[in-house]
Amino acid sequence: MNPFTEPITVSHYLAVGALLFVAGAICMATKRNALGVLMGIELVLNGANINFVAFGSKFFRSSSLGLDGELMALFVIVLAAAEAAVALAIALNFYNNHTTIDVDHADELKG
Amino acid sequence: MDHLPTIYGAAVLLPLASFVTILLFARQLGKVAASIATGAILLSAVLSFLAFGIWLSNHPPVAAHHDSHEAAHGDEHGGAGHSDHETKTGEKHSTGTRSPLLFVSVVQDSAAKAHDAAPAVDAAHAHAHDDHEVAAKPFKTGEYYTLGKFGSLRVTISYYIDTLTVLMFCMVTFIATCIHFYAAGYMHDELSDIVDKEVTLANGEHLHRPGRFPRFFQYLSLFCFSMLGLVLAGNIAMVFVFWELVGICSYFLIGFYVERKSASTAANKAFIVNRVGDFGMIIGLMIIWSTLGTFSFGDIERTDAEKHKHVEPGIFSIVRPGHDHQLIVPDGMVQADAKEEEPTADGKTRKVSAVAEIMRDHASSQAGLASANSEIASRTPAWRQQGYGYWLLVLAGLGIFCGCVGKSAQFPLHVWLPDAMEGPTPVSALVHSATMVAAGVYLVGRFFPVFAPEALLVIAIVGAITMLLGASIAFTANDIKRVLAYSTVSQLGLMMLALGIGGWLAGLMHLITHAFFKSLLFMCSGSVIHAVHTNDMRKMGGLINKMPVTAITMLIGCLAIAGVSVPFVVGFSGYYSKDAILEQALAFWQVNGTPQSGLFFLLAVIGAAMTTTYMFRMWFMTFVGRPRDSHAYEHAHESSPVMYLPLVILSVLAVCVAWNYQYIGYFAIAAAFFVGRGLQQGWFTQLRDSLSHGDAAHGDGDHGHGHDDHAAHHDSHGEHHDHQRHDSHAHHADHLATPPLTWSWVATMLVCTVIGGWLTQQGILAQRGHGASDWDGYSLQALLEQARPEGTLANATGAWTKWTWPNEHFAHEDAQFATIVVPATLMASASWAGGILLAAAFFWRGTLNPDDVRRQFAPIYNLLVNKWWFDELYDAIFIQPTMVVSRLISSFDKRWIDRFLDNLALGGIWFSKVWEFIADRTIVDGFVNLFAAWVYSLGTSLHALQTGRIRQYVMFIVIGAVVIFFMISLFWSPTLAAK
């Protein structure tokens, strides 16, 4: 079964979401710049959002779970915005203290 | 009327609220505490007077005047009968038939006197004409709250409101308010730190302590709450609770200067002596409850579970049932005491409880309890006839009286009251003269219907002894407060004597008039002490020049307590109450005719003469003659207005509290004279000046206070003080120029007042004709008459004593005017006149030298100065034996019990040490330590994972997520999607 020839179903969305998620996770794991890590987080969250929207879409009602995914997605967006605000503030403070935003320098909490 | 319980409840609770507030916020409040306490009691007073008004409008007092002078004018007392039977629900009198309360005429009944052996209390019949029925006494009783039910015992917060309650509320709250104001001035130095000169510490210095101003008012508030609760109480158990509360307040206040050894000892003494009395009271309480099954005074209407209303009879209606309210031995007491003779095995007989016997006889039968009860009920009258249970009734009365003996400082428990003078003077005035000690007399009055004649006889004897004892000791006391304390003892004895010979109204009237003039006298003495910083009258003298207001108000107090009067015309308040007592005593003598019964009258006259003598001794020693201690004299000054204004108010009441509207002329003329004199001499401008300069409380502070810290005060307030002293010297100069009152002025005033007042009175009497006026009821006497317990208007004869207790109206019948009223009044007048002359001869004019008398009667003088050696006697009888026994027990305790316990403890210690090593150190500690070590090593091994690198953490998360994903896909079948 060739996914590229099939009509678009939930699975396609899930594939895109998974791709975004993996990209975000890799970004988080590899970037040393704090802003880069934040961007990775945004990607991860949006990957999840795509899943939500796909599961909630009325076009896929037959094959989806029929959740109110759009609502969930809105929550996620709001939370992401809030989280970004906080995280940026942390990054700013971090820069004030360390004159860098390299997350590898942020190891004061190690055990 | 329905609101009365609420109003009184609020009046009682306000001081409690003030107490709690001051208790919680004493530190923050400081000076405000006085305002809170005063405000609370003032509000209570306002509520009390409001309730007084409500009461009067619902139960218009009926004229019951039997003033001697009125009798002299031939007022007809035996008018139409008053058969308006008032219901307890507060129904209004029908105004049309209001007429003088009828005096139940009593014929001295030989049949009653020769009353044969029927031992049940059977009062000699009051020969009331059948159509002349005495109005039922109005009262209102009910329950606020039931604290608990234990079987048939019901402990409730209840109220019993009758005219006596109403009057007592007004009296207590009014005097308490005056004293709160006065105390705010008197206790002013407690606001700052205090050096107590009477306490010397181990290092030779005087005690230095923070002031306790709020605490004083806190106790005063608690005291007011307790006293008002006691007066309102509707059952004897609640009375007992508040009784004890009053006792503890007295304890706190006597021991207010707790660091002084004398004060703490006096507080203990008061408390312990009162416990002795309360022990008797508990016995009385137990008898009453176990035989009557109720504590309640009045009948209480209750609704039971099935919504049936039933009336539960109170003590009063149980002991005085029926229409004529004669005292009988209640069923419960008869049944508890009834005996039957039963043969025993050895041919003799023994006595067994009849009730138990009947119960046992019926236990086997089918009907059982019901038939037993009916048999008991049917046989009860016969048992009562045989005299069973009478001793229980007497004992119950004596038990309650025991409590009163303690609280009212009667012989032999009078020893605490003089020592109680260790408290601050406002306390002496409030607690130990006007209210608390009055509680005992009040309770005797309240419980009067229950006292059998034998109990009354004991009360009269104890009262007579106390009266003479107190009066005799007061002669030799040199401490001004102690003179007053012994005078209080003596006057309380007089009240008890009056109650004991059947003078219910006389005793309680004296209670109320005495409260006014004795609190006045105490506050005056406080003012004097404040000024000269000593209690010792031997260091006073001539103070009338320095403190005229105090001197004159105190003189009025002395005249009032002496009962000075123009016989049959007008007199100070003490005249009316003391006369009533003497008349009752004389009636008692006349009715019985035996010399022994006359003793009460003679003793009362002697007591009255003694009272006058020592009171004037005190006044002369303090205020006239040459100053004995020039330093104290130089320094003396009049107190501040906040202190002397209450004196003026109370002195007005001490004069006229027993008057009714007919005396308005005397009042108006005397008041006009004083106001005129005041305007002429500028009293009012001086008063206004001193009130507007230095605010009231502070003005007092300027004058150094406390009897003891004069020097300290000198240093701290030096500057202001000098200024004030200058002021008072200036005033002093004025006084010397024109003395506040001159002899000629006083004489003119008295003559004008008496003549003018008498003419006014005659005018009023002529105006209204011979009938009684509606207004006649508004006098202390008529109001008390309204409160008279039912059934006490009949002559009573005891079962054991053959004396007859005449009813109180007997003395006031027209027939008795020449034989009782005239001699009693003349004897009273002679007693006070003689007393004043004697005191003046000794202590003013110096015609007789007290030292000579002292030398001639040295043994008697020593006896009196040592207070009849009562303290020593009690020390030898009770304290020393107790100490010896205690020492013995203590040595046994130390030698044997302690040694045994010590060894036991050593063994215990050894055992514990061993056991500790085995069990605690090894097993318990070992396990805990092992666990801790394990957790520690786990922590150290895990801490390597926490590197602090975010990217690493993300990797962990990703790896973890992947692992979880794989685990799920491997081990968990995806049923979700299939459905």
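Up top you'll find the structure we're talking about.
Throughout what follows, the structure given in this document is the object of discussion. Small disclaimer: the values here were computed from a predicted structure and weren't measured.

Turning our attention to the overall build of chain B. Helix and strand content of chain B: 37 helices and 12 strands. Split into buried and exposed, the 979 residues of chain B put 47% on the buried side. Across chain B, contacts joining residues at least 24 apart in sequence account for 78% of those joining residues at least 6 apart.

Turning to the overall build of chain A, a few remarks are in order. Secondary structure summary: chain A contains three helices and zero strands in total. When the helices and strands of chain A are listed from N to C terminus, the series reads α-α-α. A compact globule built from 111 residues should have a C-alpha radius of gyration of about 13 Å, whereas chain A, at 18 Å, is more than 25% larger. On the principal axes, the C-alpha backbone points of chain A span a range of 55 × 30 × 25 Å. Put simply, chain A has 111 residues, and 21% of those count as buried.

Turning our eyes to something else, we now look at the interface of chain B and chain A. Taken together, the contacts link 10 residues of chain B with 13 residues of chain A. The element that contributes the greatest number of residues to the side of chain B that touches chain A is helix α36 (residues 950-971) of chain B, accounting for five residues.

All right, on to the environment of Ile544(B) then. For Ile544(B), the position within the fold is in the loop between α19 (504-532) and α20 (548-562). In contact with Ile544(B), not counting residues within four places along its chain, are Ala551(B), Phe623(B) and Val624(B).

Another point: the environment of Asn862(B). Checked against the element boundaries, Asn862(B) lands in helix α34 (residues 858-865). Along the backbone, Asn862(B) and Thr200(B) are 662 residues apart, and their C-alpha atoms lie at a distance of 30 Å.

Leaving glycine aside, a negative phi is the common case for residues, and trans is the common case for peptide bonds. Residues and elements named next belong to chain B. With an omega dihedral of 0°, the bond running from Phe411 to Pro412 counts as a cis peptide bond. Within the element layout of this structure, Pro412 appears in the loop between α13 (390-407) and α14 (416-419). The backbone of His533 shows a phi angle near 60°, a positive value even though the residue is not glycine. Among the secondary structure elements, His533 is positioned in the loop between α19 and α20. The class for His533 is buried, based on 22 C-beta atoms found within 10 Å. Although it is not a glycine, Lys867 sits at a positive phi angle of roughly 55°. Inspection of the secondary structure assignment puts Lys867 in the loop between α34 and α35 (870-943). The exposure class assigned to Lys867 is buried, which follows from the 21 C-beta atoms found within 10 Å.

This part is about the packing of helix α5 (residues 163-186) of chain B against helix α24 (residues 641-656) of chain B. All names here are of chain B. Contact geometry for α5 and α24: axes closest at 7 Å, N-to-C directions at 155°. By the criterion of interaxial angle, the relationship of α5 to α24 is roughly antiparallel. In this structure, the crossing between α5 and α24 has a hand that is left-handed. The residues of α24 that touch α5, namely those facing Cys178, Phe181, Tyr182, Ala184, Gly185 and Tyr186, are Val642, Met643, Pro646, Ile649 and Leu650. For the contact of α5 with α24, a count of residues per class yields 10 nonpolar, one polar and no charged.

On to α20(B). Turn by turn, an α-helix covers 3.6 residues, leaving residues three or four places apart pointing in a common direction. Taking 1.5 Å per residue, 15 residues should reach 21 Å; α20(B) reaches 21 Å between its end C-alpha atoms and fits that length. Of the residues trailing α20(B), Gly563(B) is marked for its positive phi of about 75°.

Glancing now at the pairing of strand β2 (residues 153-162) of chain B. Residue and element names in this part refer to chain B. With seven of 10 residues buried, β2 lies mostly within the body of the structure. Here strand β1 (residues 139-150) runs beside β2; their pairing, made up of 10 bridges, is antiparallel. Paired with Phe150 across the strands is Leu153, a residue of β2. The turn joining β1 and β2, which pair antiparallel and follow one another in sequence, is formed by two residues; a positive phi near 60° is taken by Gly151.

Before going further, it helps to spend a moment on the pairing of strand β6 (residues 309-312) of chain B. All names here are of chain B. The pairing of strand β5 (residues 300-303) with β6 spans four bridges and is classified as antiparallel. Paired with Ile300 across the strands is Glu312, a residue of β6. In sequence, β5 turns back onto β6 through a hairpin of five residues, with Lys307 there showing a positive phi of about 65°.

Residues and elements named next belong to chain B. Following both chains from N to C, one finds helix α17 (residues 453-476) and α34 inclined at 105°, their axes separated by 8 Å at the closest point. Classified by the interaxial angle, the pair formed by α17 and α34 is roughly perpendicular. Listed contacts from α34 to Ser472, Ile473, Phe475 and Thr476 of α17 are Tyr861, Leu864 and Val865.

So, how was this worked out
Residues numbered from 1 in each chain as written. Chains lettered and ligands numbered in written order. Predicted model: local features only at pLDDT ≥ 70, side-chain atom pairs only at ≥ 80, totals over all residues. Helix = DSSP H or I, 4+ residues; strand = E, 2+ residues; numbered from the N terminus. Buried ≥ 20, exposed ≤ 12 C-beta atoms within 10 Å, placed from the backbone. Contact = placed C-beta atoms within 7 Å. Rg over C-alpha atoms; globule rule 2.2 N^0.38 Å. Axes fitted to C-alpha atoms, helices over the stretch in contact; angles between N-to-C directions. Parallel < 35°, antiparallel > 145°, perpendicular 65-115°, else oblique. Left-handed = near helix turned anticlockwise from the far one by under 90°. Nonpolar A, V, L, I, M, F, W, Y, C, P; charged D, E, K, R; others polar. Expected span 1.5 Å × (residues − 1). Pairing = 2+ DSSP bridges.

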